[in-house]
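# Commentary on secondary and tertiary structure
For reference, the chains in residue letters:
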Amino acid sequence: MMSRDFSKLLEELAGEYSRHAPKSAAFHKEAVKYLVDGGSHTKRLIQPFPPRIASADGAWVVDEDGNKILDFWQGHYSNLLGHNPEVVTKPLAEAFEDGFGGQTGFTDRLQVETAEIICKQTGSERVRFTTSGTLATMYAILLACAYTGREKVMKVGGGWHGGHLWGLKGVGYQVGFEVVDSVGLPLGVTKDVVVTTFNDTEKLHYHFNQIGDELACFILEPVIGAGGLMPATGEYVKTARKLSQHYGAVLILDEVISGFRFRAGDAGTLYDVQPDLITLGKIIGGGMPVAAVAGRANIMELVGREGGRRVKFTGGTFSGQPASMLAAKTILSYLVENEESIYPKLAEISAKTRQAVASVFEDERILARFAGDQIYDIPNSSLHMLVFPYEEGQSLITPDEVKNPEICDVALCEKVMQLAMLLENVHVVHGLGSTSLAHKEEHIQILCEAYQRVAKRLKPWL
Ligand code: PMP
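Residues numbered from 1 in each chain as written. Predicted model: local features only at pLDDT ≥ 70, side-chain atom pairs only at ≥ 80, totals over all residues. Heavy atoms only, no water.

Here we come to the environment of A232. With respect to the secondary-structure elements, A232 resides in the loop between β9 (230-231) and α9 (234-247). You can call A232 buried: its relative accessible area is 0%. Through-space distance from the C-alpha of A232 to that of V193 is 21 Å; in sequence the pair is 39 residues apart. With residues up to four places along the chain from it excluded, the contact list for A232 reads F198, N199, P222, V223, V237, Y271, I375 and D377. (Helix = DSSP H or I, 4+ residues; strand = E, 2+ residues; numbered from the N terminus. Buried < 20%, exposed > 50% of the residue type's maximum accessible area, 1.4 Å probe, protein only. Contact = heavy atoms within 4.5 Å.)

Next up, the structure:
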């Protein structure tokens, strides 16, 4: 394994960044007095300190220092139209003006209309809303356990489904993914979480053969997020469907990232696979906190009167919150109505982004690739994890490869690139992030010029 030491470079970058964003630096000093590590989502808490954002519009965010930052994180991949798109913010502003939006505690027509869109576009029969992807996957797993009367839950290594009891195993890489990611978890739960390998059909057969009869569910992202922003192969998703059916386990497709990203609906459809349950979040909220579990009526009914409300997916003060539902209905209607123009356009700008970025690193003779670039099942993806493998021709089709520091320079992807690009006023996560419809060719040029300067700066450290 090559071992690159970036500690001096990171120190240098941190010093420059403190001068580049002095107000954010000062806010950070205050922030750590009151907030653990200065904020509330570790992915945002860039070291030495995060930019404190004051406003955002389209492809850009502006920090407290007045730095205009080109953003490829785009709300944890939730902004398909960029930040604060007028399509959503205008009706929201008008609704608040008219006395609609904050009246939590009732239900309204928007829930019905939004659920109808989700059912139609994802082939689901019933929907229940919640407020985060974490809660959605937790309830989906609870439903699967109740429906099957089983307790084992299978997921893939590197898959992030949120920080609930079943989700905190097999996320972080530590010589493989067979690790529990948090202390404080009940052993009874973690011992029942089985970790298999993304895009490894043979392993999937092996695990189903071993424990298929005991499995409540297999939860899978058709396009994995944190584990590499890369699609599953068609063979893998179809095998998952076949085996879960055969063994009577519930197939949950976690589409918190992939839902409405590649078409106006689920990504499962692109694989010709209908899961039993699907979880949605991010894009469906139009920038507001909306998530959902959807799927087969005979499973979903376990939360309802007909099923005796045996599964307590019954609360949530802000579930179906009216302003959030208005944002959800507005964005989903917009995506459905404009599907034929939106998705090809997004694919086009995404493909251009990848080509342009690849040629920057090629010109600089730095080995850089997009994770999953050997998988063609979802072409021209707008999700991009830029990784730095040590060897040419390396297979990069699973988190076990992409997150293995012996195969890819993970520190370069996750730490160095982010801070170095931030100094160029470009915000990237996992090497790059996601393209949105707010990203135009001029933004790709700015991105590439920034990468080029960073690549030149990196050269002596590689
Ligand atoms: N599932 C997937 C696939 C995710 O990417 C995430 C969040 N990144 C979650 C679930 C959890 O969603 P949330 O952050 O809204 O709780």
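Alright, that's what it looks like, and here's the rest.
Let us look at the nonpolar core. Nonpolar side chains in soluble globular proteins tend to end up buried together. By size, the foremost hydrophobic cluster in this structure holds 118 residues, and its most contacted members are F218, F361 and Y451. Domain assignment of the residues forming this core places at least three in each of domain 1 (7-84 + 339-461) and domain 2 (86-337). Setting aside anything within four residues of it in sequence, one finds Y451 in contact with V357, V360, F361, L386, M417, M421, V428, G431 and L432. Among the nonpolar cores identified, the runner-up in size contains 25 residues, and V153, W166, V193 and I299 belong to it. (Core = buried A, V, L, I, M, F, W, Y, C linked by side-chain atoms within 4.5 Å. Domains from an automatic or database assignment.)

Overall, mixed pairing links the four strands, which are arranged β1-β2-β3-β16 in an open sheet. Looking at the sheet topology across the chains shown, the edges are occupied by β1 (53-57) and β16 (426-427). By the bridge criterion, three bridges tie strand β2 (residues 60-63) to strand β3 (residues 68-71) in an arrangement that is antiparallel. The partner of W60 across the bridge, within β3, is L70. (Pairing = 2+ DSSP bridges.)

So, on to the side chain of T190. By the element assignment, T190 lies in helix α7 (residues 187-190). Overall, T190 belongs to the buried group, its relative accessible area being 5%. Leave out the neighbours within four places in its chain, and T190 touches K169, V180 and L185.

Let's shift gears to the side chain of S244. Of note, S244 is situated in helix α9. Here S244 falls in the buried class, since its relative accessible area comes to 0%. Looking at S244, its side chain comes within polar contact range of the main-chain oxygen of R241, at 3.1 Å. (Polar contact = N/O pair within 3.5 Å; in protein donor to acceptor, adjacent residues only side chain to side chain.)

Around the ligand, the structure places S132, G133, T134, W160, H161, G162, E221, D254, V256, I257 and K282. In the environment of the ligand, an oxygen atom lies 2.5 Å from a nitrogen or oxygen atom belonging to the side chain of T134. Within the side chain of K282, one N or O atom sits 2.9 Å away from a nitrogen atom of the ligand. Considered on its own, the ligand offers 390 Å² of accessible surface; in the complex 81% of this is hidden by protein. (Near = heavy atom within 4 Å. Areas by Shrake-Rupley, 256 points an atom, 1.4 Å probe, with all protein chains shown as cover.)

Across a sheet, strands are paired by hydrogen bonds formed along the backbone, either parallel or antiparallel in direction. In spatial order, the strands read β4-β12-β11-β10-β7-β5-β6; together these seven strands make up an open sheet with mixed pairing. Strands with a single pairing partner mark the edges of an open sheet, and in this sheet they are β4 (126-130) and β6 (193-196). Going across the sheet, the axis of each strand differs from the next one's by a mean of 20 degrees, ignoring polarity. (Axes fitted to C-alpha atoms, helices over the stretch in contact; angles between N-to-C directions.)

With that settled, the discussion passes to helix α4 (residues 86-97). When the terminal C-alpha atoms of α4 are compared, their 16 Å separation across twelve residues agrees well with the 16 Å that a helix rising 1.5 Å per residue should span. Among the residues of α4, those classed as buried are V88, L92 and A95. Angularly, the buried residues of α4 cover 65 degrees about the axis, an arc narrow enough to put them on a single face. Exposed side chains of α4 directed beyond 90 degrees from the buried face belong to E86 and E97. (Expected span 1.5 Å × (residues − 1). Arc of directions from axis to C-beta.)

Before going further, it helps to spend a moment on the state of the cysteines. For the structure on display, the rule yields zero disulfides. The closest cysteine sulfur to the non-disulfide-bonded C448 is located on C413, 17 Å from its own sulfur. (Disulfide = S-S within 2.5 Å.)

Where interface size is given, it is often the accessible area lost as the parts come together that is meant. If you check the domain split of the protein, you get domain 1 (7-84 + 339-461) and domain 2 (86-337). Each partner contributes to the interface: domain 1 provides 33 residues, whereas domain 2 provides 39 residues. Summing the contributions of domain 1 and of domain 2, the shared interface buries around 3000 Å²; its carbon and sulfur component is 64%. Seen at the junction of domain 1 and domain 2, the total is zero salt bridges. Between domain 1 and domain 2 we count 14 residue pairs in polar contact (both at pLDDT 80 or more) in total. Secondary-structure elements contributing two or more residues to the side of domain 1 that touches domain 2 are α3 (74-77), α12 (339-363), β14 (383-384), α13 (399-402) and β17 (433-434). Looking at the side of domain 1 that touches domain 2 element by element, the count peaks at four residues for α12. Residues of the side of domain 1 that touches domain 2, tallied by class, amount to 16 nonpolar, 13 polar and four charged. (Buried area = accessible area lost by both parts, 1.4 Å probe. Salt bridge = Lys/Arg side-chain N within 4 Å of Asp/Glu carboxyl O. Nonpolar A, V, L, I, M, F, W, Y, C, P; charged D, E, K, R; others polar.)

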